[in-house]
Structure formats: C-alpha cells, structure tokens
2 protein chains.
Amino acid sequence: MKHIIETCFSPALFEYFENKDAIVVVTDVFRATSSICAAFENGVKSIIPVKSVDEARTYKEKGYLIAAERNGIKIDFADFGNSPEKFERSIVEGRDIVYSTTNGTKTIQLGVGCKAVVIGAFSNFSVLVDWLQKQDCDITLLCAGWKNKFNIEDSIFMGAVAEALLKTGKFETICDSTVAAIDMWNEHKDNLAQYLEKCAQRSRLRKNGVDQCIDYCITMDTCNVIPYYKDGVIKNLID
Amino acid sequence: MKHIIETCFSPALFEYFENKDAIVVVTDVFRATSSICAAFENGVKSIIPVKSVDEARTYKEKGYLIAAERNGIKIDFADFGNSPEKFERSIVEGRDIVYSTTNGTKTIQLGVGCKAVVIGAFSNFSVLVDWLQKQDCDITLLCAGWKNKFNIEDSIFMGAVAEALLKTGKFETICDSTVAAIDMWNEHKDNLAQYLEKCAQRSRLRKNGVDQCIDYCITMDTCNVIPYYKDGVIKNLID
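Heads up: these notes are all about the structure in this document. (Residues numbered from 1 in each chain as written. Chains lettered and ligands numbered in written order. Predicted model: local features only at pLDDT ≥ 70, side-chain atom pairs only at ≥ 80, totals over all residues.)

Considering the relation of the copies chain B and chain A
Point 1. By a simple turn and slide, chain B fits onto chain A: the slide is 0.0 Å along the axis, the RMSD is 0.0 Å, and the turn is 180°. Here the two chains are linked by the operation of a two-fold rotation axis. (Least-squares fit on C-alpha atoms with pLDDT ≥ 70 in both.)

Shown next, in the form of structure tokens:
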C-alpha cells in the first residue's frame with residue numbers, strides 16, 4: 001500500500017491534517033528554515049525554537065546565542081535576526097542557539113505528536129527528499145505561511161517535495177493542496193526567482209532591507225543537513 | 001485609493017482575513033453555491049442556511065422544503081440534496097428552502113459581521129462581478145473548501161473573480177492567496193473541466209453518483225441572480 005502525502009498551507013489548518021503516523025516536514029522558505037539549515041551546515045550543535053520574544057530573552061540571560069525576529073526585523077537583544085548568511089561557522093560552530101520568528105519556529109512545534117518533525121528548505125532539498133523516501137510512512141508537508149495565511153514560497157517548495165516523492169512510486173495523494181502545489185512548482189520552477197517577485201514576503205524583505213538572502217533561500221542543495229525537532233530541540237540527523 | 005482584494009482558502013482561516021469594511025463573497029462551486037444560484041434563478045423566495053442536520057429537521061416539521069447533504073449524500077428526510085438541477089421551477093418557485101451542507105452553508109454565515117455577504121458561482125459570475133465592481137469597498141473572497149481544507153475548484157473560481165475585479169483598476173491586492181488563485185485560473189481556464197478532474201471533490205461526486213451536475217457548475221453566466229445573506233436569510237438582490 002502506498003503512503004499518503006498531504007500538504008497543509010497554514011499552521012492554523014494543521015489540526016485538520018493531523019496524522020500521528022506521518023512525518024511532518026516544516027518549511028518557512030523566507031527565511032526561518034533556510035536559516036536553520038544554514039546554521040547546521042555551519043556546525044551549530046542545537047537550535048531551541050521558542051514561541052515568544054520573552055522566552056528568548058530568558059535564554060539570553062542564561063548565555064545562549066539568540067536568533068529572533070518579528071515581522072522580518074531583528075529583535076534588539078538578539079545576536080541574529082533571520083538572515084541565513086549571518087550564521088557563520090566562526091560564530092555558531094558547536095553552539096546552541098535559541099530561535100524565535102514570526103511564523104517558522106511556532107510551526108515547527110505543531111507536529112510534536114506525530115512520528116517525526118523535520119525541517120526543509122531549498123538548501124537541503126535533495127538530502128531531505130532522499131531521506132523521506134526511505135521512510136515507510138505517510139508524510140504531511142506543513143507550510144509556515146504568513147501569520148496563518150497561505151504564502152506562495154512555502155507552498156511552491158512543498159510542491160517540489162511532493163512531486164519528487166510521488167515520482168518514487170511509494171506515495172500517493174488525493175489532496176487538493178498537494179495537487180495545486182505541484183502545479184505551482186512545475187509551472188514556475190524554471191523562473192522561480194522571477195515568479196517569487198510576486199510574493200508578499202518578497203516585498204516585505206525588500207522593504208526591511210533584508211532581501212539579500214533571497215538567492216540563497218531559493219538555491220537547491222547547498223546544505224547537507226536534515227534538521228529534526230524532538231523533545232523541544234532541533235538537531236541535525238546527519239552528524 | 002484602491003480597494004483591497006483578499007482571498008481566504010478555508011473557512012477556518014477567515015478570522016485572519018476578517019475585514020468589517022469588506023463585502024464577503026462565498027463560493028462552494030461543487031455544489032452549494034451553484035445550487036443556491038440555480039434555486040434563485042428558478043424563483044425560490046428565500047433560503048435559510050442552517051449548520052446542523054438537526055436544525056434542518058426542526059424546519060422540516062414546520063413545513064419548509066429542506067435541502068440537506070453530508071459528504072455529498074442527501075440526508076434521508078430532505079427534499080433535495082445538493083444537486084443544482086433538482087431545484088426545478090415547478091417545485092421551488094415562491095418557496096422558502098432550508099439548506100444545510102457539509103461546507104457551503106456554514107461558510108456563508110461566517111461573514112455576518114462584514115459589510116455584506118454575497119454568493120458566487122460560475123453560473124452568476126458576470127452579474128456578480130459587475131455588481132461588485134460598482135461597490136466602493138474592499139472585497140474578501142471566501143472559499144468553502146472541504147472540511148476546512150483548501151480545495152481547487154473554489155480557489156480557481158475566486159481567481160477568476162479576483163482577476164476580473166483587478167482589471168477594472170479599482171482594486172489591488174498584495175495577498176499571496178489571490179495571486180496564486182489568479183494564476184490557477186489563467187493557467188487552466190481554457191481546459192477547466194479537464195483540470196478539475198484532479199479535484200478530490202470531483203472524485204467524491206463521481207463515487208456518490210452525483211456528478212452529472214459538474215458541467216452545469218462550471219458553466220458561466222446561466223443565472224441572473226445575486227444571492228445575498230442578511231439576518232439569517234439568503235435572498236436575491238436582483239428581484
């Protein structure tokens with residue numbers, strides 16, 4: 001029997017997709033999961049996602065490195081915002097980072113009752129898909145979106161993941177979100193940067209002067225990492 | 001200043017889109033809003049949407065005509081299921097109908113705090129768009145979806161509506177859902193029936209033997225009606 005793929009366009013819809021037997025893949029392409037992959041690629045030891053800025057502040061007082069933004073802007077006391085290029089090896093290697101963002105880090109915590117929670121971005125696309133297709137279970141693709149709304153960049157990424165998995169023949173879907181995401185991916189994969197100019201988040205990043213990372217965030221396979229979330233901490237499955 | 005268009009892919013996301021100054025357009029292409037338009041086209045006096053089958057039963061005892069389905073199947077005590085062709089003039093003209101469906105009728109009630117709630121389907125597309133563009137206010141396009149999940153048929157319809165409204169120059173959008181819906185519409189409008197074969201709901205209707213209405217549900221401009229919901233009742237704005 002084939003395993004099921006479903007795509008959830010918003011964290012606020014996750015309860016309608018909850019499948020305890022599924023691996024949950026979380027993405028927040030612009031920029032949390034791209035940054036998390038970059039941090040692990042550069043040797044970070046662990047990342048602790050926290051929901052509130054206040055929680056992040058408490059960890060700051062304990063000596064943790066802090067990555068935190070709201071609405072695309074770095075929180076004043078944080079060491080990092082949400083820009084992947086800032087997680088340089090010289091700063092993050094061997095360190096534990098506490099992370100809090102507008103959409104991504106909250107979404108990561110949603111799948112805690114499921115089989116596993118892993119983190120995807122264009123940067124770890126192939127290594128993630130290779131690993132997923134070896135797991136014998138259903139897969140729920142969970143987009144971080146923007147403040148509980150659908151966004152284009154996360155959905156189109158999940159379309160790429162879903163298509164790659166369906167091609168293996170081990171999976172199937174009757175999920176309209178998955179079908180639509182795959183179509184978005186196939187229609188725009190050859191001019192992705194141009195298409196993503198349409199995204200609301202693209203405009204927000206430009207407005208906030210933090211859009212230099214866009215090319216990085218949509219480039220495939222720059223990171224050989226599979227971040228996974230368990231017991232409140234994100235670690236790298238590939239060590 | 002231009003008015004804003006936003007598209008909400010699921011009733012469960014409506015709280016994140018709520019805009020008291022907006023007209024809410026509700027669609028449930030397969031099949032509730034297509035059926036409601038057909039009923040008004042055939043002279044129904046009013047339609048009372050109710051959430052539960054129990055409420056519908058209470059109205060039945062009071063002598064109302066009842067249209068009710070769950071999961072695409074007509075409820076035993078109902079006079080109609082959710083098939084538009086059943087609302088024949090000889091049966092419905094001048095009558096009041098109580099209506100309860102899996103997705104559509106619940107969704108209609110969500111916009112009650114907004115400026116107005118109107119009902120759209122391919123069958124009343126042009127008359128609805130003409131009316132909308134004359135209103136000087138924001139517009140929220142609300143898809144009924146399937147059990148709070150995104151569906152393709154409602155989203156693609158809203159893409160058609162959004163595109164037509166944006167063409168007037170009176171509206172603008174920075175909403176990713178709207179952008180994606182418009183793209184879906186433009187990419188598939190020339191082979192809509194074929195594309196909608198991919199919909200999960202298309203398969204459900206076929207399985208339940210109630211898919212004879214698909215052509216009707218995706219045919220433009222067969223109904224000169226604008227159903228609007230106010231004070232618990234749907235009436236026709238064009239009388």
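Examining unusual backbone geometry
Residues and elements named next belong to chain A.
Point 1. Looking along the chain, the bond that leaves phenylalanine 30 and enters arginine 31 is cis, with omega of 15°.
Point 2. Looking at where arginine 31 falls in the secondary structure, it is placed in the loop between strand E2 (23–27) and helix H1 (32–41).
Point 3. A positive phi is found at lysine 147, a non-glycine position, where the angle reads about 50°.
Point 4. Residue placement: lysine 147 occurs in the loop between strand E8 (139–143) and helix H6 (152–167).
Point 5. Judged by C-beta crowding, with 13 C-beta atoms within 10 Å, lysine 147 ranks as partly exposed. (Helix = DSSP H or I, 4+ residues; strand = E, 2+ residues; numbered from the N terminus. Buried ≥ 20, exposed ≤ 12 C-beta atoms within 10 Å, placed from the backbone.)

Quick look at the pairing of E2 of chain A
All names here are of chain A.
Point 1. Burial of E2 is extensive: 5 of the 5 residues sit out of reach of the surface.
Point 2. Because side chains alternate across E2, one face comprises the buried residues Ile23, Val25 and Thr27, and the other comprises Val24 and Val26, equally buried.
Point 3. Pairing analysis gives 5 bridges linking E2 to strand E7 (residues 116–120), with the strands arranged parallel. What sits directly across from threonine 27, in E7, is glycine 120.
Point 4. Pairing of E2 with E8, which is carried by 5 bridges, proceeds in the parallel orientation. (Pairing = 2+ DSSP bridges.)

Re the interface of chain B and chain A
Point 1. The interface is formed by 23 residues belonging to chain B together with 23 residues belonging to chain A.
Point 2. Of all the elements in the fold, those that place two or more residues in the side of chain B that touches chain A are helix H7 (176–188) and helix H9 (200–207) of chain B.
Point 3. Tallied by class, residues from the side of chain B that touches chain A come to 13 nonpolar, 5 polar and 5 charged. (Contact = placed C-beta atoms within 7 Å. Nonpolar A, V, L, I, M, F, W, Y, C, P; charged D, E, K, R; others polar.)

A look at the packing of helix H6 (residues 152–167) of chain B against H7 of chain B
Residue and element names in this part refer to chain B.
Point 1. As a packed pair, H6 and H7 sit with axes 7 Å apart at the nearest point and diverge in direction by 95°. By the angle between their directions, the pair H6 and H7 is classed as roughly perpendicular. Contacts from Ser155, Ile156, Met158, Gly159, Ala160, Ala162 and Glu163 of H6 reach H7 at Thr178, Ala181, Ile182, Met184, Trp185 and His188.
Point 2. Here the contact of H6 with H7 is built from residues that sort into 8 nonpolar, 4 polar and 1 charged. (Axes fitted to C-alpha atoms, helices over the stretch in contact; angles between N-to-C directions. Parallel < 35°, antiparallel > 145°, perpendicular 65-115°, else oblique.)

Topic: H1 of chain A
Residue and element names in this part refer to chain A.
Point 1. With 10 of 10 residues buried, H1 lies mostly within the body of the structure.
Point 2. For H1, the full list of buried residues reads Ala32, Thr33, Ser34, Ser35, Ile36, Cys37, Ala38, Ala39, Phe40 and Glu41.
Point 3. Glycine 43 sits one or two positions beyond H1 and adopts a positive phi of about 90°.

Focus on the environment of phenylalanine 40 of chain B
All names here are of chain B.
Point 1. Assignment of secondary structure puts phenylalanine 40 in helix H1 (residues 32–41).
Point 2. C-alpha separation for the pair phenylalanine 40 and arginine 89, spaced 49 residues apart in sequence, amounts to 9.2 Å.
Point 3. In contact with phenylalanine 40, not counting residues within four places along its chain, are Val225, Pro227 and Asn236.

Considerations on H9 of chain B
Point 1. If you check which residues of H9 of chain B are buried, you get Ala200, Gln201, Arg202 and Leu205 of chain B.
Point 2. Among the structural elements, helix H7 (176–188) of chain A together with H6 and helix H10 (214–217) of chain B are those in contact with the buried residues of H9 of chain B.
Point 3. Of the residues trailing H9 of chain B, glycine 209 of chain B is marked for its positive phi of about 70°.

Concerning the packing of helix H5 (residues 125–134) of chain B against H6 of chain B
Residues and elements named next belong to chain B.
Point 1. Look at H5 against H6: their axes get within 10 Å of each other, and the N-to-C directions meet at 45°. On the basis of the axis angle, H5 is oblique to H6. Our pair here, H5 against H6, has a crossing hand that is right-handed. Residues Phe125, Val129, Leu132 and Gln133 of H5 form the contact with H6, whose own contacting residues are Ala160, Val161, Ala164 and Leu165.
Point 2. Residue composition of the contact of H5 with H6, grouped by class: 7 nonpolar, 1 polar and no charged. (Left-handed = near helix turned anticlockwise from the far one by under 90°.)

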